[in-house]
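Structural overview for review
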Amino acid sequence: MSLPQQLVAGVVVASLEGRRMVLESPIVDREERRWYLVDADGLVLGRLSSEVAKLLRGKHKPNFAYHDDRGDHVIVVNAAKVAVTSDKASRKFWWRHSGYPGGLRSASYSQLLASKPEEVVRRAVRGMLPKGRLGRRMLGKLRVYAGPSHPHGAQQPQRLELTAAKRTISAR
């Protein structure tokens, strides 16, 4: 059952059988999106990706809505120095197929990291975002660079330390 709704100054007003229900839904255009800078040097790929995905989705904000893009922009530098746990560098593969017979191509993590380190981080973050139009829109706010420099100084990105994503050696 859908409720008849009308939008009044950024607030959704729904009525059902003479009752009025007000659902606050802030207009996204009025919100200011922040820019964050993450240094991936020595960080574990999966832990880094999950934290970046949270920022892109906007889950750190009090007005988070799963159906709306309210996240911030994220710049990841030093993607070539990202780490993985265990022996995933040689064991983990990325596959793609051209659509033709015999067109299956594979590359290990270490090969992909040597040739396209930005793509490693981008693919890991993409897997943690929603699928479809919303996820593609959120992924557009991610910038990944292999080295320590980036061209987004004018946006004055805020440095973000991800201490939970650092590689730790466990004593067994």
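Model, not experiment: these values are computed from the prediction.

Here's the deal with the overall build of the chain
Helix and strand counts for the chain stand at five helices and nine strands. Walking the chain from its N terminus toward its C terminus, one meets helices and strands in the order β-β-β-β-α-β-α-β-β-α-α-α-β-β. In the chain, which comprises 172 residues, the share counted as buried stands at 36%. As presented, the chain carries roughly 11,300 Å² of accessible surface, and 51% of it is formed by carbon and sulfur atoms.

Observations concerning the pattern of salt bridges
Per the stated rule, a full pass over the model turns up ten salt bridges. As a salt-bridge pair, aspartate 68 and arginine 70 come within 3.3 Å of each other at their nearest N and O atoms. When its relative accessible area of 18% is taken as the criterion, aspartate 68 is described as buried. Linking glutamate 119 and arginine 123 is a salt bridge whose minimum nitrogen-to-oxygen distance equals 3.1 Å. Here arginine 123 and glutamate 119 lie together in helix α4 (residues 117-126), a separation of four residues that amounts to about one turn. Members of the salt-bridge network, linked through shared partners, are Arg33, Asp69, Arg137 and Lys141.

With respect to the side chain of histidine 152
Secondary-structure assignment places histidine 152 in the loop between β8 (142-144) and β9 (158-160). Under the relative-accessibility criterion, histidine 152 is labelled buried at 13%. A distance of 2.6 Å separates the side chain of histidine 152 from the side chain of tyrosine 145, its partner in a polar contact. Contacts of histidine 152, omitting those with residues within four sequence positions, involve Trp35, Ile75, Arg143, Tyr145 and Pro157.

Points about the sheet that holds strand β4 (residues 35-39)
With parallel pairing, four strands are arranged side by side in an open sheet as β8-β5-β4-β9. Lying at the two open borders of the sheet, with one neighbouring strand each, are β8 and β9. If you compare each strand with its neighbour and ignore which way they point, the axes differ by 25° on average. Bridge analysis of β4 against strand β5 (residues 73-77) gives five bridges, and the strand direction is parallel. The residue of β5 that forms the bridge with aspartate 39 is valine 77.

Re the pairing of β5
The buried fraction of β5 amounts to five of the five residues, a majority that puts the element mostly inside the structure. Where burial is concerned, the two faces of β5 agree: the one with His73, Ile75 and Val77 and the one with Val74 and Val76 are both buried. At this point the chain moves from β4, through helix α1 (residues 45-57), to the parallel β5, and the crossover so formed is right-handed. In this structure, β5 lies alongside β8, joined through three bridges in parallel fashion. The residue bridging isoleucine 75 from the neighbouring strand is arginine 143, located in β8.

Conventions we followed
- Residues numbered from 1 in each chain as written.
- Predicted model: local features only at pLDDT ≥ 70, side-chain atom pairs only at ≥ 80, totals over all residues.
- Heavy atoms only, no water.
- Helix = DSSP H or I, 4+ residues; strand = E, 2+ residues; numbered from the N terminus.
- Buried < 20%, exposed > 50% of the residue type's maximum accessible area, 1.4 Å probe, protein only.
- Areas by Shrake-Rupley, 256 points an atom, 1.4 Å probe, with all protein chains shown as cover.
- Salt bridge = Lys/Arg side-chain N within 4 Å of Asp/Glu carboxyl O.
- Polar contact = N/O pair within 3.5 Å; in protein donor to acceptor, adjacent residues only side chain to side chain.
- Contact = heavy atoms within 4.5 Å.
- Pairing = 2+ DSSP bridges.
- Axes fitted to C-alpha atoms, helices over the stretch in contact; angles between N-to-C directions.
- Right-handed = clockwise from strand over helix to strand, strands pointing away.

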